[in-house]
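A closer look at the structure
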Amino acid sequence: MKKLTVPLFKVFMPPEAEKILFDTLTSGFLAEGPNVEKFKNLLITFLGNPRVVPVNSCTTALTIAFKLAGVCPGTEVISTPLTSIAGNVPIKMLGGEVVWGDIDPETGMITAETILPLINDKTKAIYVLHKEGSPAKMDAIYDLARKFNLRVVEDAAHAFGAKRGNNKIGSVGDLICFSFQAIKHITTGDGGALVCGDEEDFLRAKKLKWFGIDRDSREGRDVWHEDIREWGFKGNMNDIAAGIGLAQMKHVNWILDRFHQNGRRYDSLFRGIPGVKTLKRDPLDFQTYWGYTLLVENRSKVVEALASAGVEAKQIHVRNDIYSMFMKERKPLPAVDWFDKRELAIPCGWWVNTKDQDRIVEIINTVTL
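Residues numbered from 1 in each chain as written. Predicted model: local features only at pLDDT ≥ 70, side-chain atom pairs only at ≥ 80, totals over all residues. Heavy atoms only, no water.

**Quick look at unusual backbone geometry**
- The phi angle at Asn-149 is positive, at roughly 60 degrees, despite the residue not being glycine.
- Relative to the helices and strands, Asn-149 resides in the loop between helix H6 (138-147) and strand S5 (151-155).
- Positive phi outside glycine occurs at Phe-211, with the angle close to 65 degrees.
- Position of Phe-211 relative to the elements: it lies in the loop between helix H7 (199-208) and helix H8 (239-249).
- The exposure class assigned to Phe-211 is partly exposed, which follows from its relative accessible area of 35%. (Helix = DSSP H or I, 4+ residues; strand = E, 2+ residues; numbered from the N terminus. Buried < 20%, exposed > 50% of the residue type's maximum accessible area, 1.4 Å probe, protein only.)

**Examining the packing of aromatic side chains**
- Under the definition given, this model contains 20 aromatic pairs.
- A centroid spacing of 5.5 Å and a plane angle of 75 degrees characterise the contact between Phe-12 and Trp-350, whose relative ring orientation is edge-to-face. Highlighted residues: Phe-12 in the segment before helix H1 (16-25) and Trp-350 in the loop between strand S12 (343-346) and helix H12 (354-368), separated in sequence by 338 residues.
- The class for Phe-12 is buried, based on a relative accessible area of 14%.
- Aromatic pair Phe-160 and Phe-180: ring centres 5.5 Å apart, planes at 85 degrees, arrangement edge-to-face. With a gap of 20 residues between them, Phe-160 in the loop between S5 and strand S6 (163-164) and Phe-180 in the loop between strand S8 (175-179) and strand S9 (192-196) connect regions that are remote in the sequence.
- For Phe-160, a relative accessible area of 2% gives the class buried.
- These aromatic residues form a ring-pair network of at least three members: Phe-12, Trp-254, Phe-259, Trp-350 and Trp-351.
- Over the ring of Phe-46 we find Lys-168; its NZ or CZ atom is 3.4 Å from the centre of that ring.
- Lying over the aromatic face of Trp-210, Arg-218 brings its terminal NZ or CZ to 5.5 Å of the ring centre. (Phe/Tyr/Trp six-rings, centres within 6.5 Å; stacked < 30°, edge-to-face > 60°. Lys NZ or Arg CZ within 6 Å of the ring centre and 35° of its normal.)

**Comments concerning the sheet that holds S8**
- Spatial ordering of the open sheet is given by S1-S9-S8-S5-S4-S2-S3, a layout of seven strands whose pairing is mixed. Since the sheet does not close on itself, it has two edges, and those belong to strand S1 (52-55) and strand S3 (97-100), each with one partner. In this sheet, neighbouring strand axes are inclined to one another by 20 degrees on average, regardless of whether the strands run parallel or antiparallel.
- On top of the sheet, helix H2 (residues 34-47) reaches S1, S8 and S9; it is set at about 135 degrees to S1, its chief contact.
- Sitting on the sheet, helix H3 (residues 58-68) touches S1, strand S2 (76-79), strand S4 (123-129), S5, S8 and S9, and the angle it makes with S8 is about 170 degrees. (Pairing = 2+ DSSP bridges. Axes fitted to C-alpha atoms, helices over the stretch in contact; angles between N-to-C directions. Contact = heavy atoms within 4.5 Å.)

Pasting the structure below:
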């Protein structure tokens, strides 16, 4: 196998991160402090929502979101198996049950039409992944949620900066979870944020991220001798992680633009190639193309041919319903079955140039002829 020259993911680390980290490490304060506050304020401005709660991972954000949604023993969450396992494990951790929804085979995402037949008296929430940075059809999903008094948890791990029409993901909605894990568009090493549409959720989330105590209002108080009314997690972000994030945010716009332009170019290059199907993407949306997903009929041969040329390609997330922990939730999902056999992600980030793209498309075209 040829040495890897075009990875599927690559960490971007700006030079100014070194000084920020040095200043942080020598400041004597490493926990959640001024860097986290500055990073939070940048997120507020960028997303257009003041109710931002920085946390130590997107998994923590999702777990808090599901708790806010009322997930507990005896409740159900309608979800998709075509996501990171981090999207579904928190439901089990809180004692809830996962109910798998089938997908639109043109997008790989659940829709209002696939969700509706699954709603019952036990349903508390709907989990939606903005798959690889392509916004889901949220208007219809929220209409459905409002009709049945359900909460919506949006997994925007792939969609930092994505827009549905004119609205950035996170600017509106119930509970929106972002990831700043190492290989995301911007990184804090590991980290995330929960963005709330409701002030009550926001105030609870601030407490749930740190044992049930609001760290922002603890100064001058002996909080450990006060009553803690609701149990929470140890999920706060620290100043080391936020320092990396501060450096990253200076570059976020050009990073997202490179992903988007590369994705749009792939859309054009793959059009009409036999054996290759591109996903349906709304031209009015801004997609972040965290990984460029396409559907191929002979995936293993395509992966092998790309690997021989030094290009990494794979299915990013293995379907969750194959795991034993979800054995009793298994059910027929014909669209998921079809999509799962063909799904493939190829490199699309800031490190991919037009020459790389042309070579990748040529290899895939040759294999799928």
